[in-house]
Amino acid sequence: MEPQQIREGYLVKKGTLLNTWKVVWVVLAEDGVEFYKKKTDQSPKGMIPLKGATLISPCQDFGKRTQVFKVTTEKKQDHFFQASHVEEREVWVKDIKRTITCLGAGKKFARRSTRRSIRLPDTINLTELYSLMRDQDDGIKELKLEQENHVFNYCFTGATVVEWLISKEKARNTVEALMLATGLMNEGYLLPAADLSKEAAESGDKSVFLDQTDAFYYFADSGFFCEGYSSDEDVLIKEEFRGNIVKQGCLLKQGHRIKNWKVRKFILRDDPAFMHYYDPTKDEDPLGSIHLRGSVITAVDFVPDAKRYDIEGNLFEIITSDDTHYFLQAATAEERKEWIQAMQDVSKSGK
């Protein structure tokens, strides 16, 4: 019997011999992780056995490269993967860890019941906690804060985080709140926004979260930007980057001139309505942007010149207000539906 497929999708993988990162199609099965050069390939480029393997997430071996996790096989071979955002990394990590546990116990992989379980008071799920912090009504409010002639948009202070955790009874005191906040920062949910918080996060062997009013932080999937900042990391951001992030992930995109297809990381923002696309293997500026205000987004069955690149299924088209056509492909029909709905909503509401 063929092993059951548990999860599949695009991830960025570090080469085992060369220090290069490339987009691959990854399939998680009951016995291991297979990765392919292209989704349409019939045979995998490699297979990582998970029996006796270990997983580390987040893996912080590569400096500024975020959302990385490491799988180490029983034979001590390291494999590094990078997701496009926190939530994507978490679902992969969760399923791979469960697969490793099932293999070790000689059991078949089975999804846990979605029924809410009773949780010990001192046991905190950071993913759930982050969702509560992002709640529009009861979560932490994102503000525009000023410091030394710099304006930090969509951020908050370390003191605000600690006060919120205690007020919502997620922590009994400041010490516990700081431990939780540091955990959220180490997992990539909270990010330091200015010099003081960055220095604390990078000081020594352990990251430190500061409960101070002059230590600024922001949510990983927020619309954070800084104006007038002179460091290498924070530069003056254009108007089109100011919207909140609505959705992000990897899609196949057809090029305009050569008509070839490449995997790109897309980030959709709501106001103003822009979708930027990036090379997912590099932490660089976007390769381009699509202004969605007034655009038409529809599912299509055919794309010009697509067949020669073995592209079929889950296709959709964006026609902008200036009559520019973009052709994209999602990994699944459900993913295509989600992207189309999100972009249609943004195209109507965003300026």
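Because the structure is a prediction, the values reported are computed rather than measured. (Residues numbered from 1 in each chain as written. Predicted model: local features only at pLDDT ≥ 70, side-chain atom pairs only at ≥ 80, totals over all residues. Heavy atoms only, no water.)

### With respect to the packing of aromatic side chains
Any pair of aromatic rings gets described here by the distance separating the centres and the angle formed by the planes. One pass over the structure, following the stated rule, counts 10 aromatic pairs. Here the aromatic rings of Tyr130 and Phe219 are separated by 5.7 Å at their centres, their planes lie at 80°, and the arrangement is edge-to-face. Of this pair, Tyr130 sits in helix H2 (residues 126-133) while Phe219 sits in strand S11 (residues 216-219), and the two are 89 residues apart along the sequence. The exposure class of Tyr130 is buried, given its relative accessible area of 4%. The exposure class of Phe219 is buried, given its relative accessible area of 0%. Relative to Tyr277, the ring of Phe266 has its centre 5.7 Å away and its plane inclined at 40°; by these criteria the two rings are tilted. Of this pair, Phe266 sits in strand S14 (residues 261-269) while Tyr277 sits in strand S15 (residues 274-278), and the two are 11 residues apart along the sequence. (Phe/Tyr/Trp six-rings, centres within 6.5 Å; stacked < 30°, edge-to-face > 60°. Helix = DSSP H or I, 4+ residues; strand = E, 2+ residues; numbered from the N terminus. Buried < 20%, exposed > 50% of the residue type's maximum accessible area, 1.4 Å probe, protein only.)

### Side note on the packing of helix H3 (residues 158-167) against helix H4 (residues 174-186)
A pair of packed helices is characterised by two quantities: the angle between their axes and the separation of those axes. Their axes nearest at 9 Å, the elements H3 and H4 cross at an angle of 115°. By the angle between their axes, H3 is roughly perpendicular relative to H4. For the crossing formed where H3 meets H4, the hand is right-handed. Contacts between H3 and H4 involve Val161, Val162, Leu165 and Ile166 from the first element and Thr174, Ala177, Leu178, Leu180 and Ala181 from the second. (Axes fitted to C-alpha atoms, helices over the stretch in contact; angles between N-to-C directions. Parallel < 35°, antiparallel > 145°, perpendicular 65-115°, else oblique. Left-handed = near helix turned anticlockwise from the far one by under 90°. Contact = heavy atoms within 4.5 Å.)

### Things to note about the nonpolar core
Grouped together as the largest cluster of nonpolar side chains are 25 residues, with contacts concentrated most on Met133, Val161, Leu165, Leu190 and Phe209. Discounting residues that sit within four places of it in the chain, Phe209 has contacts with Gly158, Val161, Val162, Leu178, Ala181, Thr182, Met185, Leu190 and Tyr217. (Core = buried A, V, L, I, M, F, W, Y, C linked by side-chain atoms within 4.5 Å.)

### Describing a negative patch on the surface
Together, Glu148, Asp195, Glu199 and Glu202 make up a negatively charged patch on the protein surface. In this fold, Asp195 is placed in helix H5 (residues 195-202). (Patch = residues over 30% accessible without salt bridge, like charges linked within 9 Å, V, L, I, M, F, W, Y side chains within 5 Å. Areas by Shrake-Rupley, 256 points an atom, 1.4 Å probe, with all protein chains shown as cover. Salt bridge = Lys/Arg side-chain N within 4 Å of Asp/Glu carboxyl O. Lys, Arg positive; Asp, Glu negative; His and termini not counted. Charge placed at Lys NZ, Arg CZ, Asp CG, Glu CD.)

### Topic: the sheet that holds S14
Taken in spatial order, the 7 strands of this open sheet run S16-S15-S14-S13-S19-S18-S17, and their pairing is antiparallel. The open sheet is flanked by strand S16 (288-291) and strand S17 (296-300), the only strands paired with a single partner. Neighbour to neighbour, the strand axes of the sheet diverge by 35° on average, direction disregarded. Here helix H6 (residues 333-349) sits on the sheet in contact with strand S13 (245-254), S14, S15, S17 and strand S18 (315-319), set at roughly 120° to S13. (Pairing = 2+ DSSP bridges.)

### As for H5
The complete set of buried residues in H5 reads Ser197, Lys198, Ala200 and Ala201. Seen from one end, H5 has its buried residues packed into an arc of 165°, which puts them on one side. Away from the buried face of H5 by more than 90 degrees, exposed residues Glu199 and Glu202 are located. Its buried side turned inward, H5 meets H4, strand S10 (190-192) and S11. (Arc of directions from axis to C-beta.)

### Some thoughts on the sheet that holds strand S7 (residues 78-82)
As summarised here, the arrangement of the 7 strands in space is S4-S3-S2-S1-S7-S6-S5, forming an open sheet in which the pairing is antiparallel. In the strand order of this sheet, the two ends are held by strand S4 (46-49) and strand S5 (54-56), each with one partner. Put simply, the sheet's adjacent strands are angled 35° from each other on average, direction ignored. Examined bridge by bridge, strand S3 (residues 32-36) and S4 share 4 bridges and lie antiparallel to one another. In the strand pairing of S4, Phe35 is matched with Gly46. Relative to strand S1 (residues 5-14), helix H1 (residues 86-105) is tilted by about 120°, and along the sheet it contacts S1, strand S2 (21-29), S5 and strand S6 (68-72).

### Considerations on H1
Taking 1.5 Å of rise per residue, the 20 residues of H1 would be expected to cover 28 Å, and the 29 Å separating its terminal C-alpha atoms lies within 8% of that figure. Listing the buried residues of H1 in full gives Val86, Glu88, Arg89, Glu90, Trp92, Val93, Asp95, Ile96, Thr99, Ile100 and Cys102. Buried residues along H1 sit in contact with S1, S2, S5, S6 and H2. (Expected span 1.5 Å × (residues − 1).)

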